[in-house]
Amino acid sequence: LRAAGIEVTTVSPGVAGNQAEPLAAVASPPMSALVDRLLDFSDNDVAEALFRLVALERGLPGSFDGGARAVADVLAEFGVGAPGLEVRDGSGLSRGNRVAPVTIAEVLRLTALLPSSEPSGPANPTAAPVEESAAVGLDERRATWLPPGLSVGGFTGTLAGRFDTADTEDGAGRVAAKTGTLTGVTSLSGVATTLQGRPVVFSIIGNETPNTLDARAALDRVAAEVVACGCAAEAS
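Here the structure is a predicted model, which means the values were calculated and not measured.

With respect to the overall build of the protein chain
Check the secondary structure of the protein chain and you find 5 helices and 4 strands. Of the regular secondary structure in the protein chain, the N- to C-terminal order runs α-α-α-α-β-β-β-β-α. In the protein chain, which comprises 236 residues, the proportion classed as buried is 35%. Taking all contacts inside the protein chain whose residues are at least 6 apart in sequence as the whole, residues at least 24 apart take part in 47%. Accessible surface, the protein chain as shown: approximately 13,800 Å² in total, 56% of it carbon and sulfur.

Below, the structure written as C-alpha cells:
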C-alpha cells in the first residue's frame, strides 16, 4: 500500500471496551430457509456447506470424507437401503458420486410424505387451496397439497419453465421435485400428486444423455405420466 502512495497507519491489537458498539453483524438464516434455498434453486454451495455441517454435528471432520460417513450413517439409522452408494462430495458435482434411484425415493418417502395432522398434509392431499400450495395461478380443479421446499412444476425454482407442453402439462402444479444436471447426466426426483389426489414419490436418473434439453423433456413426460396414472388416493 505504501509503495502505491497510500498512507498506512498501524495499530496495536486491543480489547473493545464495554461501551463499544458493533460495526457490523451477520446472522445465518434458519436451517429451514437454507434447505428451502438448496432444494428450490439447486444451490450447490449451500449443499456442500450443509453436507459438512452434518458431519460436524455428528462429531466427524467437516471434510469430504467426514460428510460421506455422516450421510451413510444417517441413511443406515433410518433404515434406508443404499446399494452401491458412493459419496464424494455434498454439492453433487463430483462424477464419482453414485446413488441408486431407490435410495432417493425412500428418502423422499420418509421426508416429503411424513404423516401430518395438518388438514393439507399427505393424509388429505386435495384439501389445500391453490394459494397455500405455492402453485398460484392454477384453477381449483388442480388445487393440491405439495411438499414444502421442492420446486413446483411450471411455477417455482428450477422447474418454473417446465411442464408447459401438451404432453407434460398434467405435471404443472402437481409435480414438486429436485432437479440434477451434469454434462451427460439428468435427473428428477420428487413427489407427483395424481389427478385422483394420491401423492407418489419418484426418482429418475438418466446417464450418458447426449442432449440435456431432450433428456429433461423426457423426464418431465415421465413425471406427468405419473400424475395421470389413475392411481387412486386410497390405493396401496
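Regarding the pattern of salt bridges
Two side chains that carry opposite charge are able to pair once their charged atoms sit near each other. Inspection of every chain in the model, using the stated rule, returns 6 salt bridges. In this structure, glutamate 48 and arginine 52 form a salt bridge, with 3.0 Å as the shortest nitrogen-oxygen distance. Note that glutamate 48 and arginine 52 are positioned in helix α2 (residues 44-57) at a spacing of 4 residues, about one turn of the helix. A salt bridge links arginine 88 to glutamate 86; its shortest N-O distance comes to 3.0 Å. Take arginine 88: its relative accessible area is 45%, and that puts it in the partly exposed class. For glutamate 86, a relative accessible area of 35% puts it in the partly exposed group.

Digging into the pairing of strand β3 (residues 185-193)
Both faces of the sheet carry side chains from a regular strand, because those side chains alternate between them. Within β3, 8 of the 9 residues are buried, which leaves the element mostly enclosed by the surrounding structure. Summarising the sheet, strand β2 (residues 175-182) and β3 pair through 8 bridges and their orientation is antiparallel. Residue pairing in the sheet places leucine 182 in a bridge with valine 185 of β3. Once β2 ends, the chain turns through 2 residues before running back antiparallel as β3, passing glycine 184 with a positive phi of about 85°. The pairing of β3 with strand β4 (residues 199-207) spans 9 bridges and is antiparallel. By the bridge assignment for β4, valine 191 is matched with valine 201. In sequence, β3 turns back onto β4 through a hairpin of 5 residues, with glycine 197 there showing a positive phi of about 95°.

Points about helix α3 (residues 64-77)
Compared with an ideal rise of 1.5 Å per residue, which puts 14 residues at 20 Å, α3 spans 20 Å between its outermost C-alpha atoms and is within 8% of the ideal. Within the sequence span of α3, burial applies to Gly66, Gly67, Ala68, Ala70 and Leu75. Those residues of α3 that are buried are in contact with α2 and α4 (101-111). Just downstream of α3 lies glycine 79, where phi reads positive at about 75°.

Section: the sheet that holds β3
With antiparallel pairing, 4 strands are arranged side by side in an open sheet as β1-β2-β3-β4. Here the strands that pair on one side only, and so sit at the sheet edges, are β1 (151-152) and β4. Packing against the sheet, α4 makes contact with β3 and β4, and its axis sits at approximately 155° to β4. Sitting on the sheet, helix α5 (residues 212-227) is in contact with β2, β3 and β4, with an inclination near 20° to β3.

Digging into the nonpolar core
If you look at the biggest cluster of nonpolar residues, it comprises 14 residues, and the most contacted ones within it are Phe163, Val175, Ala177, Leu188, Ala192, Phe202 and Ala223. Those elements that provide at least two residues to this core are β2, β3, β4 and α5. Sort the elements by how many residues they give to this core and α5 lands first, with 4 residues. Setting aside anything within four residues of it in sequence, one finds alanine 223 in contact with Phe163, Val175, Leu188, Ala192 and Phe202. Ranked by size, the runner-up nonpolar core spans 8 residues in total, among them Ala112, Leu113, Ala176 and Val191.

The rules we used
- Residue positions within a chain follow its written sequence, with the count starting from 1.
- Whole-chain, interface and lining totals are the exception, using all residues; otherwise, since this is a predicted model, local features are given only for residues with pLDDT of at least 70 and side-chain atom pairs are given and counted only at 80 or more.
- The side-chain figures draw on all heavy atoms in the structure; neither hydrogens nor water molecules are used.
- Under the scheme used here, helices are H or I runs from DSSP no shorter than 4 residues and strands are E runs no shorter than 2 residues, and both carry numbers assigned from the N terminus.
- For the exposure calls, accessible area comes from a 1.4 Å probe over protein chains only, and a residue counts as buried if that area is under 20% of its type's maximum, exposed if over 50%, partly exposed in between.
- Throughout, a contact is declared for two residues whenever any of their heavy atoms are within 4.5 Å.
- Reported accessibility uses the Shrake-Rupley method at a 1.4 Å probe radius. Residues are deemed covered only where the shown protein chains occlude them.
- By definition, a salt bridge exists where a carboxyl oxygen of Asp or Glu is found within 4 Å of a side-chain nitrogen of Lys or Arg.
- The pairing criterion for strands is at least two bridges between them, as found by DSSP.
- By definition here, a helix of n residues has an expected span of 1.5 Å times n minus one.
- Only C-alpha atoms enter the line fits that serve as axes; for helices the fit covers just the stretch in contact. Angles between N-to-C directions range over 0 to 180 degrees.
- Note on terminology: a nonpolar core comprises buried Ala, Val, Leu, Ile, Met, Phe, Trp, Tyr and Cys residues joined through side-chain atoms within 4.5 Å.

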